[in-house]
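The residues making up each chain are set out below.
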Amino acid sequence: DVKVTQSSRYLVKRTGEKVFLECVQDMDHENMFWYRQDPGLGLRLIYFSYDVKMKEKGDIPEGYSVSREKKERFSLILESASTNQTSMYLCASSPIAGGFIDTQYFGPGTRLTVL
Amino acid sequence: AQKVTQAQTEISVVEKEDVTLDCVYETRDTTYYLFWYKQPPSGELVFLIRRNSFDEQNEISGRYSWNFQKSTSSFNFTITASQVVDSAVYFCALSESYNTDKLIFGTGTRLQVFP
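Section: the overall build of chain A
Line of reasoning, step 1. Helix and strand content of chain A: 0 helices and 13 strands.
Line of reasoning, step 2. Helices and strands in chain A line up, N terminus first, as β-β-β-β-β-β-β-β-β-β-β-β-β.
Line of reasoning, step 3. For chain A, whose C-alpha radius of gyration is 13 Å, the value lies close to the compact-globule estimate of 13 Å for 115 residues.
Line of reasoning, step 4. Reported as C-alpha extents along the three principal axes, the dimensions of chain A are approximately 45 × 30 × 25 Å.
Line of reasoning, step 5. Residues classed as buried in chain A amount to 50% of the 115 residues present.
Line of reasoning, step 6. As presented, chain A carries roughly 5400 Å² of accessible surface, and 50% of it is formed by carbon and sulfur atoms.
Line of reasoning, step 7. Taking the 15 positively charged and 15 negatively charged side chains of chain A as two groups, their mean positions are separated by 7 Å.

Below you can see the structure in the form of structure tokens.
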């Protein structure tokens, strides 16, 4: 079974803090993704990576950065957390299949609260 | 432009009722994939099904069935004899051959099944 793990289920931080969210997958997938999920807005893509040290902006990259130093690990960084970044953060991974984005497998999510 | 619409924000049913979740998509591509995911209260998105645009056969998996109709750009999901454990948010998503960066998610339908 594909397993995607996220470092924390719940996280509380203060405004201005630097926040790291870690994601690890064990299926040797090429692609990894970070989404945020907010009520009424569904899932919005923040960043994704299709290879080590590669990253691409998604729909809402402002205020975030990412790091992928190893294939299995994809980190989301909030350089200076703000209250509007309070959200559920979901990590996903997927293999490449004929040029398509194949099935994405998700981690359990991190519910981040910024005070 | 590509888009996935789940017009039903929330549905409530009583156990053993059948329920259909609607998904309508827009794409200019002729080759694409459609997905359904389930997000139970625990938060993790669980993959349910992937269907490619060339396969219009309906699919049945236990109490779950999917009706794909290209003529109406719909990929509806039916749960037969619903159970309390089916209570979750369900997301429909689209992946296109020319836009391989990401899945496009609908905003989700919250299904509540009451005993």
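Overview of the side chain of Ser8(A)
Line of reasoning, step 1. Within the secondary structure layout, Ser8(A) lies in the loop between strand E1 (4–6) and strand E2 (10–13).
Line of reasoning, step 2. Filtering out sequence-adjacent residues up to four positions away, Ser8(A) remains in contact with Gly109(A) and Thr110(A).

A short note on the interface of chain A and chain B
Line of reasoning, step 1. Contact residues are listed per partner, giving 22 residues for chain A and 23 residues for chain B.
Line of reasoning, step 2. Overall, the association of chain A and chain B removes approximately 1800 Å² of surface from exposure, summing both partners, and the carbon and sulfur fraction of that is 59%.
Line of reasoning, step 3. Across the chain A-chain B interface, the total number found is 0 salt bridges.
Line of reasoning, step 4. The tally of links from chain A across to chain B stands at 3 residue pairs in polar contact (both at pLDDT 80 or more).
Line of reasoning, step 5. Those elements that provide at least two residues to the side of chain A that touches chain B are strand E4 (31–38), strand E5 (42–49), strand E9 (87–94) and strand E11 (100–101) of chain A.

Things to note about the state of the cysteines
Line of reasoning, step 1. Going through the model one piece at a time under the given rule, you end up with 2 disulfides over all chains.
Line of reasoning, step 2. The disulfide partner of Cys23(A) is Cys91(A), and the gap between their sulfur atoms is 1.8 Å. Here Cys23(A) and Cys91(A) share a disulfide; its torsion about the S-S bond, -80°, makes the bridge left-handed. Here the residue Cys23(A) occupies a position in strand E3 (residues 19–25), and Cys91(A) occupies one in strand E9, the gap between them amounting to 68 residues.
Line of reasoning, step 3. The disulfide that involves Cys23(B) links it to Cys92(B), with 2.0 Å between the sulfurs. Every disulfide takes its handedness from the sign of the S-S torsion; for Cys23(B) and Cys92(B) that torsion is -65°, giving left-handed. Of this pair, Cys23(B) sits in the loop between strand E3 (19–21) and strand E4 (24–26) while Cys92(B) sits in strand E10 (residues 88–96), and the two are 69 residues apart along the sequence.

Describing the nonpolar core
Line of reasoning, step 1. Ranked by size, the top nonpolar core spans 24 residues in total, and within it Trp36(B), Phe77(B), Tyr90(B) and Leu111(B) carry the most contacts.
Line of reasoning, step 2. Elements that contribute at least two residues to this core include exactly strand E2 (10–14), E3, strand E5 (32–39), strand E8 (64–69), strand E9 (74–79), E10 and strand E12 (109–114) of chain B.

What to know about the pattern of salt bridges
Think of it this way: side chains of opposite charge can pair up when their charged atoms draw near.
Residue and element names in this part refer to chain A.
Line of reasoning, step 1. Applying the stated rule across the entire model yields 9 salt bridges over all chains.
Line of reasoning, step 2. Residues Glu-79 and Lys-18 are paired through a salt bridge, measuring 3.5 Å at the closest nitrogen-oxygen approach. Taken together, the positions of Glu-79 in the loop between strand E8 (73–78) and E9 and Lys-18 in the loop between E2 and E3 put the pair 61 residues apart, joining distant regions of the chain.
Line of reasoning, step 3. In this structure, the salt-bridge partner of Lys-71 is Asp-28, at a minimum N-O distance of 3.2 Å. Of this pair, Lys-71 sits in the loop between strand E7 (64–70) and E8 while Asp-28 sits in the loop between E3 and E4; the two residues are 43 residues apart in sequence, bridging distant segments of the chain.
Line of reasoning, step 4. Here Lys-71 falls in the partly exposed class, since its relative accessible area comes to 27%.
Line of reasoning, step 5. Residue Asp-28 is classed as exposed on the basis of its relative accessible area of 53%.
Line of reasoning, step 6. Residues joined in a network through salt bridges with shared partners are Arg-36, Asp-38 and Arg-44.

Criteria and cut-off values
Residues numbered from 1 in each chain as written. Chains lettered and ligands numbered in written order. Predicted model: local features only at pLDDT ≥ 70, side-chain atom pairs only at ≥ 80, totals over all residues. Heavy atoms only, no water. Helix = DSSP H or I, 4+ residues; strand = E, 2+ residues; numbered from the N terminus. Rg over C-alpha atoms; globule rule 2.2 N^0.38 Å. Buried < 20%, exposed > 50% of the residue type's maximum accessible area, 1.4 Å probe, protein only. Areas by Shrake-Rupley, 256 points an atom, 1.4 Å probe, with all protein chains shown as cover. Lys, Arg positive; Asp, Glu negative; His and termini not counted. Charge placed at Lys NZ, Arg CZ, Asp CG, Glu CD. Contact = heavy atoms within 4.5 Å. Buried area = accessible area lost by both parts, 1.4 Å probe. Salt bridge = Lys/Arg side-chain N within 4 Å of Asp/Glu carboxyl O. Polar contact = N/O pair within 3.5 Å; in protein donor to acceptor, adjacent residues only side chain to side chain. Disulfide = S-S within 2.5 Å. Core = buried A, V, L, I, M, F, W, Y, C linked by side-chain atoms within 4.5 Å.

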